[in-house]
Amino acid sequence: IAAAERWGGGVDERPYLPRAFSVARVAAGEAHFLLEDVGPGSRRLCELGAGDAVWLLGPLGHGFDISQADDRRAILVGGGAGIAPLAILQDRLGADGGAPRPTVLLGFRDAGHAAGAALLEDATVVTQDGSGQRGGLVTEPLVAELDADDNARVYACGPAGMLEAVRALCAERSVPAQLALEAPMACGFGACYGCVVATRTGAYARLCIDGPVLDAELLDAVPEHAGAPA
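Visitor: Can you walk me through the pattern of salt bridges in this structure?
Guide: Between side chains of opposite charge, pairing is possible as soon as their charged atoms come close. Under the definition given, this model contains 14 salt bridges. Arg44 is the partner of Glu47 in a salt bridge, and the nearest nitrogen-oxygen pair spans 3.4 Å. Relative accessible area serves as the criterion here: at 45%, Glu47 is assigned to the partly exposed category. Using a relative accessible area of 10% as the deciding quantity, one classes Arg44 as buried. The network of salt bridges with common partners includes Arg6, Arg44 and Glu47.

Visitor: Would you mind going over the nonpolar core with me for this structure?
Guide: Counting 31 residues, the largest nonpolar core has Val77, Leu142, Val154, Val166, Leu179 and Leu181 as its most contacted members. Among the elements of the structure, strand 5 (73-79), helix 3 (139-148), strand 8 (152-157), helix 4 (160-173) and strand 9 (177-180) are those that each provide at least two residues to this core. With six residues, the top contributor of residues to this core is helix 4. Those residues within four positions of Leu181 in sequence are excluded, and the remaining contacts are Leu163, Val197, Leu207, Pro212, Leu214, Leu219, Val222 and Ala226. Ile83, Val104, Leu106 and Ala114 belong to the second largest nonpolar core, which has 18 residues in total.

Visitor: Help me understand helix 2 (residues 84-93) in this model?
Guide: Each full turn of the α-helix corresponds to 3.6 residues, which orients residues three or four apart in the same direction. With seven of 10 residues buried, helix 2 is to be regarded as a mostly interior element. Taken residue by residue, helix 2 has Ala84, Pro85, Leu86, Ala87, Leu89, Gln90 and Leu93 as its buried positions. Contacts made by the buried residues of helix 2 are with strand 2 (23-27), strand 5, strand 6 (103-108) and strand 8.

Visitor: Help me understand unusual backbone geometry in this model?
Guide: A cis amide bond links Gly58 to the next residue, Pro59, at an omega of 0°. Its identity as a non-glycine residue notwithstanding, Asp122 has a phi of 55°, on the positive side. Mapped onto the elements of the fold, Asp122 is located in the loop between strand 6 and strand 7 (123-127).

Visitor: I tried to follow the environment of Ala20 on my own but got confused; where do I start?
Guide: Position of Ala20 among the secondary structure elements: in the loop between strand 1 (2-3) and strand 2. For Ala20, a relative accessible area of 42% gives the class partly exposed. As for Ala20 and Ala2, which are separated by 18 residues in sequence, their C-alpha atoms are 9.1 Å apart.

Scoring rules and cut-offs
Residues numbered from 1 in each chain as written. Predicted model: local features only at pLDDT ≥ 70, side-chain atom pairs only at ≥ 80, totals over all residues. Heavy atoms only, no water. Salt bridge = Lys/Arg side-chain N within 4 Å of Asp/Glu carboxyl O. Buried < 20%, exposed > 50% of the residue type's maximum accessible area, 1.4 Å probe, protein only. Core = buried A, V, L, I, M, F, W, Y, C linked by side-chain atoms within 4.5 Å. Helix = DSSP H or I, 4+ residues; strand = E, 2+ residues; numbered from the N terminus. Contact = heavy atoms within 4.5 Å.

None of this, on its own, says anything about what the molecule does.
The structure is reproduced here in structure tokens:
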């Protein structure tokens, strides 16, 4: 996504490249995105008002794969702005009226950022600074859920540290997990190799076309550059 005006080409018009975002929800002919002001690009997008034009290219890459759905219960784990793709995932998982509702666990820095939890239904929300109803890390309720019943399939998106903790917890318990990674993308078509992450095979996955969602078992660890803003 890029703003149609004041986006590159002049001294005060940073940045030059569009920014990659997950679609949070599509409804009534609208595509919804979750933005946080963390740098020049997202700041310019946050400045946009009703009627301002944007440039959008997509969809790119591969999202969460729910074709593997079986008798395992779904657990959605999100952190910060990384909760965005879990909203549309919850909608898709809930489309089958006979399937059990997924468990949703969301973590934020503080209660102010936790307002984004309203995008999802029936979520357990934790805040790192304890300013919400429940303090701690989102991995704490995840541990409790897996200890109670590890017949689960985890779908996660958030900061790199959170994703690495989720990967490790699921690996210890042989629980399948899919991780939505984020890395700086320049081209979006796999040509520049600017968004690669190393895999256990020795090859590199380009998140713009091979991801951004990868099976956790493909990774020895989630690199620091491959997470959403906290």
